[in-house]
Amino acid sequence: LEFSGMPTFGHNVYLIDHALNDKETDLQKTPAYTFTVTKKAGEKAIELNDRFSLRTAWTGIGVSNEEPGLSGFNVSSRDGYIYVQTPSPAASLQVYNATGALVYGSVTRSDYFRIPADGQQAYIVKAKIGEEYLTQKVFVK
């Protein structure tokens, strides 16, 4: 896998290898990631579709008007779900698809959400925590 020359819109991008105990690699610092596919006797082989996910972290530099002001806002995807963890219970949470349509909304106060994704695409997650809005993009494969 190689990650180079792609816009990151004010985020660091991390590759998570679930076959290696969720090993994270910062793709800006290490843009090439080499892996092997092996199966030991008696072990279940991991499907490549389920092996990797991406996580983004706000760098503090970007073009968004809704810059996250709180650490601990994490959005990721795996197995057809979007996972959202907030630093404190969110007053509201919305998920928009690539066309801008609202696909999920919640006013249940929680700091953890597991949301089924409808297909492989990019989503924007927006959480209201206190008086701040935090946004993050996630890709579902």
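Going by the structure above, here's the rest.
The structure displayed is predicted, hence computed values, not measured ones. (Residues numbered from 1 in each chain as written. Predicted model: local features only at pLDDT ≥ 70, side-chain atom pairs only at ≥ 80, totals over all residues. Heavy atoms only, no water.)

Engineer: Please explain the overall build of the protein as it appears in this structure.
Structural biologist: When you go through the protein residue by residue, the secondary structure sums to 1 helix and 10 strands. Moving toward the C terminus, one meets the helices and strands of the protein in the order β-β-α-β-β-β-β-β-β-β-β. Taking all 141 residues of the protein together, 33% fall into the buried category. For the protein, the proportion of contacts with a sequence separation of at least 24, taken over those separated by at least 6, is 54%. Roughly 8,800 Å² of accessible area belongs to the protein as shown, and the carbon and sulfur atoms make up 50% of that amount. (Helix = DSSP H or I, 4+ residues; strand = E, 2+ residues; numbered from the N terminus. Buried < 20%, exposed > 50% of the residue type's maximum accessible area, 1.4 Å probe, protein only. Contact = heavy atoms within 4.5 Å. Areas by Shrake-Rupley, 256 points an atom, 1.4 Å probe, with all protein chains shown as cover.)

Engineer: Would you take a moment to explain unusual backbone geometry for this structure?
Structural biologist: Most peptide bonds are trans, and most residues other than glycine sit at a negative phi. Here Asn21, not a glycine, exhibits a phi torsion of approximately 55 degrees, which is positive. Residue position: Asn21 is located in the loop between strand E1 (11-17) and strand E2 (23-26). Taking relative accessible area as the criterion, Asn21 reaches 75% and is therefore assigned exposed.

Engineer: Looking at this structure, how should I read the sheet that holds strand E7 (residues 102-106)?
Structural biologist: In a beta sheet, neighbouring strands are held together by backbone hydrogen bonds and run either parallel or antiparallel to one another. Taken in spatial order, the 4 strands line up as E7-E6-E9-E10 in an open sheet, and their pairing is antiparallel. Single-partner strands in this sheet number two, and they are E7 and strand E10 (132-140). Strand-to-strand, the axes of this sheet are offset by a mean angle of 15 degrees, without reference to chain direction. Examined bridge by bridge, strand E9 (residues 121-129) and E10 share 9 bridges and lie antiparallel to one another. Following the sheet pairing, Ala122 is matched in E10 by Phe139. (Pairing = 2+ DSSP bridges. Axes fitted to C-alpha atoms, helices over the stretch in contact; angles between N-to-C directions.)

Engineer: Looking at this model, I keep getting lost on the sheet that holds strand E4 (residues 74-78). Mind explaining?
Structural biologist: Strand order in the open sheet formed by 3 strands is E4-E5-E8, and the pairing between neighbours is antiparallel. Because the sheet does not close on itself, it has two edges, and the strands there are E4 and strand E8 (110-116). With strand direction ignored, the average angle separating the axes of adjacent strands in the sheet is 15 degrees. Here 6 bridges tie strand E5 (residues 81-90) to E8, and the two strands are oriented antiparallel to one another. Considered in E8, the bridge of Val84 is made with Phe113.

Engineer: I tried to follow the pattern of salt bridges on my own but got confused; where do I start?
Structural biologist: When the charged atoms of two side chains with opposite charge come close together, those side chains can pair. Evaluated as defined, the whole model comprises 3 salt bridges. Note that Glu24 is salt-bridged to Arg55, the shortest N-O span being 2.8 Å. You can see Glu24 sitting in strand E2 and its partner Arg55 sitting in strand E3 (residues 52-58), a full 31 residues away along the chain. Residue class for Glu24 comes out partly exposed when judged on its relative accessible area of 40%. Owing to a relative accessible area of 17%, Arg55 belongs among the buried residues under this scheme. Where Asp79 meets Arg78, a salt bridge forms, and the shortest distance between an N and an O atom there is 3.9 Å. On the basis of relative accessible area, Asp79 is assigned to the partly exposed category, the value being 45%. (Salt bridge = Lys/Arg side-chain N within 4 Å of Asp/Glu carboxyl O.)

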